Amino acid sequence: MGCGRIARKFAADLHYAADNELVAVGSRSREKAMAFAADFPVAHIHDSYEALAENKKVDVIYVATPHNLHFENTLLCLNNNKAVLCEKPFAMNLAEAAMMIKVAREKRLFLMEALWTKFLPHFIKTKEMVTSGEIGTIKSMLVNFGFRPMAPVPKRLFDPALGGGTIMDIGIYNIFMALSFLGKPDAIDAVMTPADTGVDEQCAVLFRYANGSLAQLFSTFSSDLATEADICGDKGRIRLTSRFYEPSASIEFYAGKMDSKKEVSFDKEAGVGYQYEARHVAECLKKGWTESPVMTHEDSLLLIETLDKVRKIAGIKYAQDDKG
Ligand SMILES: NC(=O)c1ccc[n+]([C@@H]2O[C@H](COP(=O)([O-])OP(=O)(O)OC[C@H]3O[C@@H](n4cnc5c(N)ncnc54)[C@H](OP(=O)(O)O)[C@@H]3O)[C@@H](O)[C@H]2O)c1
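Draft legend 1. Up close: the overall build of the chain. Looking only at helices and strands, the chain features nine helices and 13 strands. Expected size for 324 residues packed as a compact globule is a radius of gyration near 20 Å; at 20 Å, the chain falls within 12% of this value. Counting only C-alpha atoms, the chain reaches 55 × 45 × 40 Å along its principal axes. Residue pairs in contact within the chain that sit at least 24 positions apart in sequence constitute 65% of those at least 6 positions apart. Taken as a whole, the chain presents about 14700 Å² of accessible surface, with 52% of it coming from carbon and sulfur. When the 39 positive and 42 negative side-chain charges of the chain are each reduced to one mean point, those points stand 2 Å apart.

Written as structure tokens, this is what we have:
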């Protein structure tokens, strides 16, 4: 649903995901849907999201529209009895996400946020290493994500009506990392610098935990950053090198001092990496599950609730926040 940049990458990766077949595409424009279908052949080409949602041949719809539409588009799919994989951020705020989950549960339909990093081998391995105590107790995390958008700059990155700003687009990955390894923060600090449109062009977030651990999270559209994540324990450190949220052939493991670096390597599959989450969705549907055991509804609710808190502290507001 929506024939933009990410939809094209996702469609290309379905080639590597057994049990997935691209059967239909839905766009606001017939021309765009036809152009998409020329690159990714499909049996059904729809010039409206409504028509796609009504298509009986479709099992699950991938919602790949701008953030502000995830709520309305997901509800459209669910109300037409379709399972949904919805891009991140799941919604504009907690109230929207909670409603999406409520409807999915009432209708016993599968619904998952497309937080693809959670399904990637290097992330899973990092989680295993941390859980088995290889770096000891996590004392801090340093995560950064930044790039200067290339011209023509996608409108959605800076337009408040489309949920623009770094925190919802890329800062979400930094927050996801901190939640994954340290859990829900006990206190949050956040500051942002606004772009001309008022959305956050840069956002610095600090999570504090009762045990003294800290997570320092930074996102920017002003500079090209390494986009790395350091998970630092009292016995060692793991570094997810550039770019931490994408599939990686290796991670760096420091068991002691700086010179103790060991590379932990992986086989890197062809494709961008969206096939991992696509395979998982197919598995869930085949098993008749309405919720992923990996990216749970609880995970999505905590993520969006934390984003809400960060935005409130940093002064990042969207029109949806004024709705009851
Ligand atoms: N998981 C990831 O790695 C990843 C990466 C990039 C983006 N994303 C997420 O995916 C979503 C889409 O991002 P994108 O980069 O693909 O955006 P995009 O290139 O702008 O595409 C979004 C598509 O949504 C549809 N759309 C409907 N109403 C629109 C409106 N008012 N303005 C613009 N487009 C509208 C359009 O498709 P039609 O004209 O065909 O209807 C458009 O092509 C975002 O929520 C983003 O956070 C995820």
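Let's pick the thread back up.
Draft legend 2. Region of the structure containing the site of the ligand. Taken together, 24 residues lie around the ligand, and R5, S27, Y49, K88 and Y274 are the ones closest in. In this structure, G4 approaches the ligand through a main-chain N or O atom, which is 3.2 Å from an oxygen atom. Residue W116 places a side-chain N or O atom 3.2 Å away from an oxygen atom belonging to the ligand. Against a free-state accessible area of 890 Å², the protein chains account for coverage of 85% of the ligand. When each cavity is represented as a set of grid points, the ligand is found to reside in the largest pocket. At the level of secondary structure, the elements contributing two or more residues to the shell around the ligand comprise α1 (5–13) and α7 (166–182). When grouped by side-chain class, the residues that make up the shell around the ligand number eleven nonpolar, six polar and seven charged.

Draft legend 3. Quick look at the packing of aromatic side chains. Taken as a whole and assessed by the stated rule, the structure comprises 13 aromatic pairs. Summarising the aromatic geometry, the rings of F36 and F40 are spaced 5.0 Å apart at their centres and angled 45° between planes, so their arrangement reads as tilted. Each member of the pair, F36 as well as F40, is classed as buried. Within the aromatic cluster, the residues linked to one another by ring pairs are W116, F145, Y173, F244, Y245 and Y274. Of note, R237 hangs over the ring of Y254, and the distance from its end group to the ring centre comes to 4.1 Å.

Draft legend 4. Representation of the layout of surface pockets in the model. Roughly 1400 Å³ of internal volume is contained in the largest pocket. Around the largest pocket sit 47 residues that line it, and R5, I6, P154, R156 and L157 are the ones nearest its centre. Among the residues making up the lining of the largest pocket, the classes are represented as 24 nonpolar, ten polar and 13 charged. Lining the second largest pocket are 29 residues, with L14, N20, E21, L22 and V60 sitting closest to its centre.

Draft legend 5. Main features of the packing of helix α4 (residues 70–79) against helix α5 (residues 94–106). Contact pair α4 / α5: the axes reach a minimum separation of 10 Å and the direction vectors enclose 5°. Relative to α5, α4 is oriented roughly parallel. Of the residues in α5, those touching α4 at H70, F71, T74, L75, L78 and N79 are E96, M99, M100, V103 and A104.

Draft legend 6. Main features of the pairing of strand β6 (residues 138–146). With five bridges connecting them, β6 and strand β10 (residues 229–233) associate as antiparallel partners. Its bridge partner lying in β10, I138 is registered against G233. Relative to strand β9 (residues 214–220), β6 is paired through seven bridges, and the arrangement is parallel. Looking across to β9, one finds that M141 is bridged to A215.

Conventions adopted
- Residues numbered from 1 in each chain as written.
- Predicted model: local features only at pLDDT ≥ 70, side-chain atom pairs only at ≥ 80, totals over all residues.
- Heavy atoms only, no water.
- Helix = DSSP H or I, 4+ residues; strand = E, 2+ residues; numbered from the N terminus.
- Rg over C-alpha atoms; globule rule 2.2 N^0.38 Å.
- Contact = heavy atoms within 4.5 Å.
- Areas by Shrake-Rupley, 256 points an atom, 1.4 Å probe, with all protein chains shown as cover.
- Lys, Arg positive; Asp, Glu negative; His and termini not counted.
- Charge placed at Lys NZ, Arg CZ, Asp CG, Glu CD.
- Near = heavy atom within 4 Å.
- Polar contact = N/O pair within 3.5 Å; in protein donor to acceptor, adjacent residues only side chain to side chain.
- 1 Å grid on protein atoms, 1.4 Å probe; cavity = no way out; pocket = protein on both sides within 12 Å on 5 of 7 lines; lining within 4 Å.
- Sits in = over half its atoms within 2 Å of the grid points.
- Nonpolar A, V, L, I, M, F, W, Y, C, P; charged D, E, K, R; others polar.
- Phe/Tyr/Trp six-rings, centres within 6.5 Å; stacked < 30°, edge-to-face > 60°.
- Buried < 20%, exposed > 50% of the residue type's maximum accessible area, 1.4 Å probe, protein only.
- Lys NZ or Arg CZ within 6 Å of the ring centre and 35° of its normal.
- Points joined across faces, edges and corners; volume = space filled by probe spheres on them.
- Axes fitted to C-alpha atoms, helices over the stretch in contact; angles between N-to-C directions.
- Parallel < 35°, antiparallel > 145°, perpendicular 65-115°, else oblique.
- Pairing = 2+ DSSP bridges.

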